Amino acid sequence: MQLELEEIVPDNPVALGLSVIVVYVLYQLLRPSKLPKLPIVGAKPGEWFALRRARWRNTRYMKNATETAYNQYSDCACILPIAGAQTFVHLPHKELRWLLEQPDSVINNLTQVVDSLQLHRTLMDPDLAYKPGHISVISGPLTREIGNLVPTLLDEIQYAVDDLWGMDTESYQDTSVFTSMCRVIGQTTNRVFISLPLCREPALLDSAMAFSLDIPTSSIMLHHFWPSLRPLLAPFITLPNCIHTSRFFKIVRPEIRRRLRDYDTIKAEKKQPNDFLHWSIDHAKSMGDPYYGQVDTLAGRVLLNNFTSIHTSSFAITYVIFDLVSSKSSTQRASQHHQEPFPRVGPWFAVLHILHDATFYPEPETFKPFRFADNRAKLAKKGESYVQQARQALTTTSPEFAAFGHGRHACVGMFFAASMLKLMLGYILMNYDFEFEEKRAENPWFGANRIPPIQATIRVKRRAEK
């Protein structure tokens, strides 16, 4: 006997809605997995919903999960599920060269980055990710001009550090390393991005620093929901992103409009600003696509670069300073080796554990501030070429040192970042004293990444001039 439609569908809207939700949830829980048949890190034999339970288990014990993926599955791929992130297929270290040789048609790194950070939702203009014009500007004019930019960078570092850490030579004061370094990085990079006086505008720096946290925070929140729900929830989750983008744009738009209006005159008089904004306008003029030259596109490029520079460089210099105050000596590459938090090659490899593998680094768990400087000295003593010695430099990448990534997916801004960080560390060491600590502050885990001790403070004072 055929049932009538009204006997099947509840006439109560609430009951109907609940029924749809229950069916949807059951479907999501019981649908076949599209993942390959590989061992799952964190799963227990025979348990129900092994992938989902492993996801929360791994998130709770991230260090153990990533160590298991690297050590236990050193000869085969495995699945590494993490809450608030993608479900990673982790590859053994020996496959890194193979991965880097794959064309974008096979493994597209841009697609992975967009999905990992949910840039099509966390950016107010997703085309900034899909039309990454800033990459050619960073790898081109910015990298070529690093030598000429050193006085500019040092001038802004001096201004920012002196302002934030003070000039008191008599007494030590408590200082939040991460908070102050975010400000210094933001101010210094914006000196190169948009020049004076905007780089020192407090409201602009506040918006840029907030936005640099908005992206990872909102992307992690979105990853906690099923993909089909993300478009509905994104407008609410990314509301802070929208607010901080709007505030940043409001400040920089007048300057961008002025630059566009006066572009031909500036070029004719050969008085071009030596900054990222001007190079971006140059690039836009050469593209033949009106999108690249729009005011908000140019503002978005500057803001997006604030995210990438503040987010990574602040972590790097914070690691170095905490290593410094607990070991009484440190170098940038040694600190990157010991503390590196980001899988810059991609989510497929546990970069941190490669850097702590005794196969590649003797006594890997011991922090040796001059590990690479000593290696370079040994190579020089043996008469090795300058090229061989330079392989110990901060910006020289390899499958065993991928702090800046490696191969064609290496960070395009690593030479600029390295120069800025070296200048910053040099200025701090020459002008400030620290109270040394017996024990280094711990680095917590945030999702799939290890981060510096954001809340920890140190005690500093200005060094008296002799």
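Quick caveat: nothing in here was measured; it's all calculated off a predicted structure. (Residues numbered from 1 in each chain as written. Predicted model: local features only at pLDDT ≥ 70, side-chain atom pairs only at ≥ 80, totals over all residues. Heavy atoms only, no water.)

### What about the overall build of the protein?
For the protein, the helix and strand inventory stands at 22 helices and seven strands. By residue count, 48% of the 466 residues in the protein fall in the buried class. Pairs at least 24 apart in sequence give 69% of the contacts found in the protein among residues at least 6 apart. A total of about 23,500 Å² of accessible surface is found on the protein, and carbon and sulfur atoms cover 58% of it. (Helix = DSSP H or I, 4+ residues; strand = E, 2+ residues; numbered from the N terminus. Buried < 20%, exposed > 50% of the residue type's maximum accessible area, 1.4 Å probe, protein only. Contact = heavy atoms within 4.5 Å. Areas by Shrake-Rupley, 256 points an atom, 1.4 Å probe, with all protein chains shown as cover.)

### What about the packing of aromatic side chains?
Following the criterion strictly, the structure yields eight aromatic pairs and no others. Taking the centre distance of 5.4 Å and the plane angle of 90° together, the rings of Trp165 and Tyr432 count as edge-to-face. Placement of Trp165 in helix H10 (residues 146-165) and of Tyr432 in strand E4 (residues 432-434) is noted, with a sequence separation of 267 residues between them. Overall, Trp165 belongs to the buried group, its relative accessible area being 1%. By relative accessible area, which is 0% here, Tyr432 ends up buried. An aromatic cluster of three or more residues is present, and its members are Trp165, Tyr432 and Phe434. If you follow Lys131 out to its NZ or CZ, it ends over the ring of Tyr291, 4.8 Å from the centre. Here the basic side chain of Arg200 rests over the ring of Tyr159, its NZ or CZ set 3.6 Å away from the ring centre. (Phe/Tyr/Trp six-rings, centres within 6.5 Å; stacked < 30°, edge-to-face > 60°. Lys NZ or Arg CZ within 6 Å of the ring centre and 35° of its normal.)

### Side note on the side chain of Asp214
Along the chain, Asp214 falls in helix H12 (residues 202-223). For the buried Asp214, which has no salt bridge, the nearest side chain bearing the opposite charge is Arg247, at an N-O separation of 8.7 Å. Apart from residues no more than four positions distant in its own chain, Asp214 is found in contact with Pro240, Asn241 and His244. (Lys, Arg positive; Asp, Glu negative; His and termini not counted. Salt bridge = Lys/Arg side-chain N within 4 Å of Asp/Glu carboxyl O.)

### Thoughts on the packing of helix H16 (residues 276-287) against helix H17 (residues 295-327)
For the pair H16 and H17, the least separation of the axes is 10 Å and the interaxial angle reads 135°. When the axes of H16 and H17 are compared, the pair comes out oblique. Handedness of the crossing formed by H16 with H17: right-handed. Listed contacts from H17 to Phe276, Leu277, Ser280 and Ile281 of H16 are Leu298, Arg301, Val302 and Asn305. (Axes fitted to C-alpha atoms, helices over the stretch in contact; angles between N-to-C directions. Parallel < 35°, antiparallel > 145°, perpendicular 65-115°, else oblique. Left-handed = near helix turned anticlockwise from the far one by under 90°.)

### Some thoughts on the sheet that holds strand E3 (residues 173-176)
The three strands lie next to each other as E3-E7-E4, forming an open sheet whose pairing is antiparallel. The sheet is open, and its two edges are formed by E3 and E4, each paired on a single side. With direction set aside, neighbouring strand axes in the sheet form an average angle of 50°. Running at roughly 45° to E4, H10 makes contact with E3, E4 and strand E7 (457-462) of the sheet. Contacts from helix H11 (residues 177-193) reach E3 and E7 within the one sheet, and its direction differs from that of E3 by about 65°. (Pairing = 2+ DSSP bridges.)

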